[in-house]
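Architecture and fold: a report
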Amino acid sequence: MVFSKTGRITATVAAAAVLFFIFILPAFAYADITLNLSKSTAAAGDIATASGTTVPNSWVPLKVLDKDSNIILFDTTKADSDGNYRIDFKVPEAVEGVLTVVVGEGGNVVNALLTVGTDTDTTPADLTAPTWSSPDITAGSVTAGSLTLTWSAATDNVGVTGYRIYSGTTLLTESPVTGTSYNVTGLTAGTGYTFKVEAGDAAGNWSINGPSTTVTTLSEVSPGSGGPGGSNVVSETPQAVTSATGAATVTPSAGGTVSLGSEAAVEVPANALAGTGAVEIKVRKVTTSPAVPAGFKLAGSVYEFSVGGKNSYNFNRNVTIKLSFDPGALSADETAAIYYYDETLDQWVNIGGTVSGNTVTVQVNHFTKFAVMTVKKEETEPTGTTASTLNDITGHWAMNNINKMVALGSISGYPDGSFKPDKTVSRAEFATVLVKAFQLSSQTGKAFADTAGHWAKDIIATAAYYGIVSGYDADTFGPDNPVTREQMAAMIMKAAGLTPVTEELTFFDSDSISGWARSSMAAAVKNGIINGYPDNTVRPQGNATRAEAVTVIMNALPGE
């Protein structure tokens, strides 16, 4: 057939329009597509029909793939106003085996198998690339010219056959690596490299979102002088690392700063890390985090810091953590503070921090999960408040004990004349009432990192001197954390000088008492200092109220 010039232009425009609708039209145009093949077996040269339904008046592309996922035929048609489509295609010559007929595009596709010739293999073409559920890669044994990469294994619907390793955009491996580690050599001293790993399968599908890490090799200082004739003595001088990618290899003697953009950062001083070998420090955002305590709320994300793949790590000296938060999440009576998650106690611990703009900075000596939470600003308890001025305790079950404790000057009410008997009491507040009630003279005791600048710093130090209180660890007291009933029992047993009791308690929830608090709780119960609730529970993990705190201390005072 001979086309006129005008006809050729018209045909060209029409073809361009078809291609436009095929490749530009959004993927949702092919939603709910179905496919029926007129036959499941055929010979080369036969006519087969693909038909089905899709979005009315939408374009439907058809591809036929061989066993190696090569496209051997392409066609397209447009569905009618009812969404019906039909494409007749000829099975290509010199082809046999199982072909995969695919209609649709993007994520809205459907396929069917067409067996050509005598091949009985009915395995569909593999179109899925390997993926990582938890991508991770670390760099170890870092020297001036080499290092070893180790990564987590990828998964695939059929099976991963190998990995490619890249330095930047340069492929380092001519043939895929079958294991999950690779030794990189020929590096330049004192130079930063970004390595990435991708996984492939037997069908030639390769991932595009493999794990990556940034590493700086050690530096060299040369030449040296070794006497007559000299000698080139190479010594590796580690350099402090700075990385904003969320991961970096840090040499203990040099330290460094690792951050996840502007969200979270850790500054590791020289010699804070144990050992001499370089290790990888990572900062990652946690998608599933432990529950936030009642009455608290997150003001930012939860981050997990790790060293050498370990999520729990203790440093030789303090490191500095800086977390960002949303100031808009705070109300007028709230401030921001950093909390860490204690895996042993299964609870969040307040370690305070210095607030500046939208960041909180604090020093710690260990790694775990950290987050910024909102904290109610401390209400100031005035001096000189008398029991007769309290306006919210009449008829309360603890009214007599509250009156007695106020009269002793060990506790007072609030400026509005209230006592707030059912308000939770913090660890700092309970320690304060204990020290005053037992009339302990001021002493210089243990100074915790998170009590510096706290209003109860001196009283906590006094309580620590007398062995009444201890911290969660060497540097953390958690002064603003609510005191639990089992913590209260441990403190009161020490203040009253009670002998630990090994008898088993018979409360319904006795099994929930922490191991370290069992003897203290048993002693407090045996001596009538702490009682259970009407439902025969003792609620060891529950937060104590001001009324309960006053009552427990009154029960423990001599002569009461």
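A brief report on the enclosed structure follows. Worth saying up front: this structure is predicted, and the values here are computed from it rather than measured. (Residues numbered from 1 in each chain as written. Predicted model: local features only at pLDDT ≥ 70, side-chain atom pairs only at ≥ 80, totals over all residues. Heavy atoms only, no water.)

Some points on the overall build of the protein
- Secondary structure assignment for the protein yields seven helices and 29 strands.
- Within the protein, counting contacts between residues at least 6 apart in sequence, those at least 24 apart form 65% of the total.
- Per element, the accessible surface of the protein, about 27,100 Å² overall, is 51% carbon and sulfur. (Helix = DSSP H or I, 4+ residues; strand = E, 2+ residues; numbered from the N terminus. Contact = heavy atoms within 4.5 Å. Areas by Shrake-Rupley, 256 points an atom, 1.4 Å probe, with all protein chains shown as cover.)

Things to note about helix α2 (residues 399-408)
- For α2, the full list of buried residues reads Asn 401, Ile 402, Met 405 and Val 406. Projected onto a plane normal to the axis of α2, the buried residues spread over an arc of 130° and lie on a single side. In α2, the exposed positions that point more than 90 degrees away from the buried face belong to Asn 400, Ala 407 and Leu 408.
- Buried residues belonging to α2 abut α3 (427-437) and α7 (546-556).
- Gly 409 sits one or two positions beyond α2 and adopts a positive phi of about 80°. (Buried < 20%, exposed > 50% of the residue type's maximum accessible area, 1.4 Å probe, protein only. Arc of directions from axis to C-beta.)

A word on the sheet that holds strand β11 (residues 160-167)
- Spatially, the four strands line up as an open sheet ordered β12-β11-β14-β15, and their pairing is antiparallel. Of all strands in the sheet, those bounded by a partner on one side alone are β12 (170-171) and β15 (212-216). (Pairing = 2+ DSSP bridges.)

Some thoughts on unusual backbone geometry
- We note that Asn 57 has phi near 65°; this positive angle belongs to a residue other than glycine.
- The topology assignment puts Asn 57 in the loop between β3 (47-53) and β4 (59-65).
- One non-glycine residue, Asn 271, lies in the positive phi region at around 70°.
- For Asn 271, the position within the fold is in the loop between β21 (264-268) and β22 (279-285).
- A relative accessible area of 47% means that Asn 271 is categorised as partly exposed.

Re the packing of aromatic side chains
- Applying the stated criterion across every chain yields a total of eleven aromatic pairs.
- On the numbers, 5.6 Å between centres and 85° between planes, the contact of Phe 305 with Phe 370 is edge-to-face. Here Phe 370 lies in strand β29 (residues 369-376) and Phe 305 lies in strand β23 (residues 298-307), a separation of 65 residues in the sequence.
- Plain terms: the ring middles of Tyr 313 and Phe 315 are 4.9 Å apart, the flat faces sit at 70° to each other, and that makes the pair edge-to-face.
- On the basis of relative accessible area, Tyr 313 is assigned to the buried category, the value being 14%.
- Residue classification places Phe 315 among the buried positions, given a relative accessible area of 8%.
- Through a chain of ring-to-ring contacts, the aromatic side chains of Phe 305, Tyr 313, Phe 315, Tyr 340, Phe 367 and Phe 370 assemble into a single cluster. (Phe/Tyr/Trp six-rings, centres within 6.5 Å; stacked < 30°, edge-to-face > 60°.)

A word on the nonpolar core
- Of all hydrophobic cores here, the largest spans 53 residues; its most connected members are Phe 430, Leu 434, Phe 438 and Ile 553.
- Of all the secondary-structure elements, those providing two or more residues to this core are α2, α3, α4 (457-465), α5 (485-496), α6 (518-526) and α7.
- When neighbours within four sequence positions are excluded, Phe 438 is seen to be in contact with Ile 492, Ala 495, Ala 496, Ile 553, Ala 556, Leu 557 and Pro 558.
- Grouped together as the second largest cluster of nonpolar side chains are 35 residues, Val 258, Ala 272, Ile 281 and Ile 338 included. (Core = buried A, V, L, I, M, F, W, Y, C linked by side-chain atoms within 4.5 Å.)

As for the sheet that holds β3
- As summarised here, the arrangement of the three strands in space is β1-β3-β6, forming an open sheet in which the pairing is antiparallel. Single-partner strands in this sheet number two, and they are β1 (36-37) and β6 (84-90).
- Sheet topology note: the β1/β3 ladder contains two bridges and is antiparallel. From the neighbouring strand, Asn 36 faces β3, where its bridge partner is Ser 51.

A few points about the pairing of β11
- Looking at chain direction, β11 and strand β14 (residues 192-201) are connected through seven bridges and run antiparallel. Looking at β14, one finds that Tyr 163 is bridged to Ala 199.
- When β11 meets β12, the two strands line up antiparallel, connected through two bridges. In the sheet register, Tyr 166 faces β12, and the bridge partner there is Leu 171.
- Where β11 folds back on β12, the antiparallel hairpin that results is connected by two residues, among which Gly 168 adopts a positive phi of roughly 65°.

Topic: the environment of Arg 284
- Looking at the element boundaries, Arg 284 is found in strand β22.
- For Arg 284, the residues in contact, after removing those within four places along its chain, are Leu 260, Val 302, Tyr 303 and Glu 304.

Describing the pattern of salt bridges
- The final tally for this structure, using the stated rule, is nine salt bridges.
- In this structure, Asp 88 engages Arg 86 in a salt bridge whose closest nitrogen and oxygen atoms are separated by 3.3 Å.
- With relative accessibility at 56%, the residue Arg 86 sits in the exposed group.
- One salt bridge connects Lys 526 with Glu 503, and the closest N-O pair in it is separated by 3.6 Å. Highlighted residues: Lys 526 in helix α6 and Glu 503 in the loop between α5 and α6, separated in sequence by 23 residues. Exposure class is identical for Lys 526 and Glu 503. Each is exposed.
- When salt bridges that share partners are traced, they join Arg 284, Glu 304 and Lys 369 into one network. (Salt bridge = Lys/Arg side-chain N within 4 Å of Asp/Glu carboxyl O.)

Observations concerning the packing of α2 against α7
- Running from N to C, α2 and α7 point in directions that differ by 75°, and their axes come no closer than 9 Å. Accordingly, the angle class assigned to the pair α2 and α7 is roughly perpendicular. In contact with Asn 401, Ile 402, Lys 404, Met 405 and Leu 408 of α2, α7 contributes Val 550, Thr 551, Ile 553 and Met 554. (Axes fitted to C-alpha atoms, helices over the stretch in contact; angles between N-to-C directions. Parallel < 35°, antiparallel > 145°, perpendicular 65-115°, else oblique.)

Some words on α5
- For α5, spanning twelve residues, the distance from its first C-alpha to its last is 16 Å, which sits close to the expected 16 Å at 1.5 Å a residue.
- The element α5 is largely enclosed, with a buried count of ten among its twelve residues.
- Turning to α5, its buried residues number three or more, namely Arg 485, Glu 486, Gln 487, Met 488, Ala 489, Ala 490, Met 491, Ile 492, Met 493 and Ala 495.
- Next to the buried residues of α5 lie β26 (347-352), α3, α6 and α7.
- At the C-terminal side of α5, Gly 497 shows a positive phi close to 70°. (Expected span 1.5 Å × (residues − 1).)

What to know about the side chain of His 366
- Of note, His 366 is situated in strand β28 (residues 359-367).
- Only 3.0 Å separates the side chain of His 366 from the side chain of Asn 365, close enough to count as a polar contact. (Polar contact = N/O pair within 3.5 Å; in protein donor to acceptor, adjacent residues only side chain to side chain.)

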